[in-house]
Every structure is written in structure tokens, then in C-alpha cells.
Amino acid sequence: MRKNYLEFWLILLVSFVLFFALSAFDTFKIGNFELKTSGMLDRLLRVPENLKAVEDSAIAVQADTVDVKPKVIDETPQIILFVGDSMLEGLSPRLAAYAAENGHTLYSVIWYSSTSEVWGNSTKLADYITKYKPTYVFVSLGANELFVRDIANKRDKYVKNILSQIGDIPFVWIGPPNWKPDTGINDLVAKNVLRCKNGSFFLSNGMQFDRAKDGAHPTRKSARAWMDSVARWMPENAAHPIKMSKPEAQTAKPARVFMHQPNEK
């Protein structure tokens, strides 16, 4: 009885193999009989359309990646205007060292306790641009707005005003060095900056900083490392990268430093 079952399964197996093999041919003749393919082999080996689309997409992405040209670094000397809040106290001397190393001229404007609302309600940025005619702008703002509620509605027009004053000048906006999660200032600034072809946003949130006694400002050493991170990031990520070879000097003095108090308009 068991032998009969084995013979039965053997016959089925041989029949299936023969049927599968014949399906590889369009037609097959046995004497006067012509057999047509079942199409089983094609169906088993056919790549699903959705999978083929994924493969084609991957090939396209790979091709695009291969064709991407590296960004050209502007080697010409720049007139740099650096504006922002008190974070400039740590960032500006380090940027000044980069400027001295690479043939740039730096003007720094520190507006203590300032926010995007303060700058956006003022023409100071436009006035400095008119006076010093910068070819590049750095902005460091947002640290005093980490915890503003409904910030997207309260600050959007001011961020847009700041970008409007910068106009077509290439720029980098350095985001605040978060010490706690913010309520949306980074997203708000990034969204607006990334709409500008001439602008780039450096996200500082998530970086590790040694803090001063106030728990907010990075120490001077940590601020220098922060500026170094921006300089390393620029060649591949800035919309308009400029020459930023690392200087041997730790700090330098800008050509001019302008300071404004919180109650100024």
C-alpha cells in the first residue's frame, strides 16, 4: 500500500516537472500534435510591476546621485556682515579668525536680548547693508525665542522681514544652541530660509555644548567649536559656500563691532 502511494507521488512529480519544462517554450510538437505554453514559467519569473517601479526609481536616484556636481566654493574675498543676539559674543571672534585667514572683512552687530521680532520691526539690518555693502551675511537668532507659544503665527512675518532686508545677498542663518526643546523657532526659520535660493539654515539643535553659568550660552571654547562646525558644514551644504579654511589663530577681531541694547529701536 505504501509503495503504491510512493509511485503515485512520483508520477505527479515527474508530470509537474515535464509540464513546467514545456512551459518554457512557446510551442512544442509531439508527432502531429502541437502544444502551446501554459505561461507558468513567465508568471513565476516575471518581476511585479510595483517592484520594477521601485527598481527603476532606485536606478534613477543612483544616476542622479552620480551626476550631481560638487558645489563650487567662492574663493573671492568677502565683506561679511554678522548680525544677531548675544550668541555673537562667542561666535564672532571665531568667525573673525576665519575672515582673517581667508581674506574676508567682517563686521559684527550684536543686539543684546534681540529676537526675530526685534530685528523684523527694525530697519537696522537694511541700514547696515546699505552702509557696508556686504557680499555675505551670517545671522544668529532664535535663542531668545525657544519657548514662545504659537511662534509660527507670532514670528513668521518678522522672519520674512529679516530675509527681505537681506534680499539677494548669500547668507547662512545659524540656529540657536537649544538647551531645551523649543516650541518651533527652528522649524519656522528653516522653512522660510529654505525658500530662499541664496540662503541656508544651520541647525544647531542637537549639538553638545559646554555651557556658561547661565546654562544657555556656550562657553567661549564651545562657541569656537560651534563656529568650526558651521565652517565644516558650509562647503557641501551652503547655497553659496565661500572660502573658510580653518585658521591657526583661535580668535581675531572683526573690522568693526557694533552693539545695541535691548531697549533700542
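Just so you know, these numbers come straight off a predicted model, no measurement behind them.

Quick one: what's the story with the overall build of the protein, residue by residue and with numbers?
Secondary structure summary: the protein contains 9 helices and 8 strands in total. Residues classed as buried in the protein amount to 42% of the 265 residues present. Of the contacts made within the protein by residues no fewer than 6 positions apart, 78% connect residues no fewer than 24 positions apart. Accessible area of the protein: about 16,000 Å², with a carbon and sulfur share of 57%.

Before we move on, could you go through the confidence of the model for the protein and cite the residues and values that matter?
Of all residues in the protein, 74% have pLDDT values of 70 or greater, and the mean over the chain is 84. Note on residues 47-68: pLDDT under 50 across the span, and 2 contacts to partners over four residues away in sequence or across chains.

An account of the side chain of Asn192 is needed here, citing residue identities and associated values.
Its location among the elements puts Asn192 in helix α8 (residues 185-193). With a relative accessible area of 4%, Asn192 lands in the buried category. At 3.0 Å, the side chain of Asn192 forms a polar contact with the backbone oxygen of Leu188. In this view, Asn192 contacts Asp156, Val159, Lys160 and Leu163; residues no more than four positions away in its chain are not counted.

Got a sec to walk through the pattern of salt bridges? Specific residues and values, please.
Taken as a whole and judged by the stated rule, the model has 6 salt bridges. The salt bridge partner of Glu117 is Arg155, with a shortest N-O separation of 3.1 Å. Note that Glu117 is positioned in helix α5 (residues 116-120) and Arg155 in helix α7 (residues 151-166), a separation of 38 residues in sequence. For Glu117, a relative accessible area of 27% translates into the label partly exposed. The shortest N-O distance in the salt bridge between Arg155 and Glu145 comes to 2.6 Å. On the criterion of sequence distance, the pair formed by Arg155 in helix α7 and Glu145 in the loop between β5 (136-140) and α7 is long-range, its members being 10 residues apart.

Quick rundown of the pairing of strand β4 (residues 105-111)? Include the residues and the values.
Burial within β4 is extensive, with 6 of its 7 residues counted as buried. In the classification by handedness, the crossover that spans strand β3 (residues 79-84), the intervening helix α4 (residues 88-102) and the parallel β4 is right-handed.

Cut-off values and rules
Residues numbered from 1 in each chain as written. Predicted model: local features only at pLDDT ≥ 70, side-chain atom pairs only at ≥ 80, totals over all residues. Heavy atoms only, no water. Helix = DSSP H or I, 4+ residues; strand = E, 2+ residues; numbered from the N terminus. Buried < 20%, exposed > 50% of the residue type's maximum accessible area, 1.4 Å probe, protein only. Contact = heavy atoms within 4.5 Å. Areas by Shrake-Rupley, 256 points an atom, 1.4 Å probe, with all protein chains shown as cover. pLDDT = per-residue confidence, 0-100. Polar contact = N/O pair within 3.5 Å; in protein donor to acceptor, adjacent residues only side chain to side chain. Salt bridge = Lys/Arg side-chain N within 4 Å of Asp/Glu carboxyl O. Right-handed = clockwise from strand over helix to strand, strands pointing away.

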